[in-house]
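# Summary of structural features
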Amino acid sequence: MLRDDPKSVAWALRSILIGRKDEHRRLNTIRDVLILVIAGEEDSQFPVHVVRKMVDAIPGSAFRILQHIAHLAARENPAEVNAEIDAFLNALPIAG
């Protein structure tokens, strides 16, 4: 992360965190889509209890909490994130 352009990071923070509209009320409109939500137990921007509320609002979604991981799970531990995604996909019934 230290190699990222500070201007780019500032833009992302402003547009993603500060300027983002609250769309939580729309989560329960998601239907017939397989959803896996992965949260880091040490994420201070989106704590587990907040993410759990999002997951609970999406019918049929799956939720995984990664230990010793903060906000950027895929960057902090890509192998663990990929393992969770693989496990989620491998548990799906085979269409046919």
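Residues numbered from 1 in each chain as written. Predicted model: local features only at pLDDT ≥ 70, side-chain atom pairs only at ≥ 80, totals over all residues. Heavy atoms only, no water.

### Notes on unusual backbone geometry
Inclusion rule: Categorising residues by exposure relies on relative accessible area from a 1.4 Å probe, with only protein chains included: less than 20% of the type maximum marks a residue as buried, more than 50% marks it as exposed, and the intermediate range marks it as partly exposed. Helix and strand definitions here come from DSSP, where helices need a minimum of 4 consecutive H or I residues and strands a minimum of 2 consecutive E residues; each element is numbered from the N-terminal end.
In this structure, Asp32 is a non-glycine residue whose phi angle is positive, near 55°. You can call Asp32 exposed: its relative accessible area is 84%. A positive phi angle, close to 60°, is found at His68, a residue other than glycine. By secondary structure assignment, the location of His68 is in the loop between β2 (62-66) and α3 (73-76). Since its relative accessible area comes to 62%, His68 is described here as exposed.

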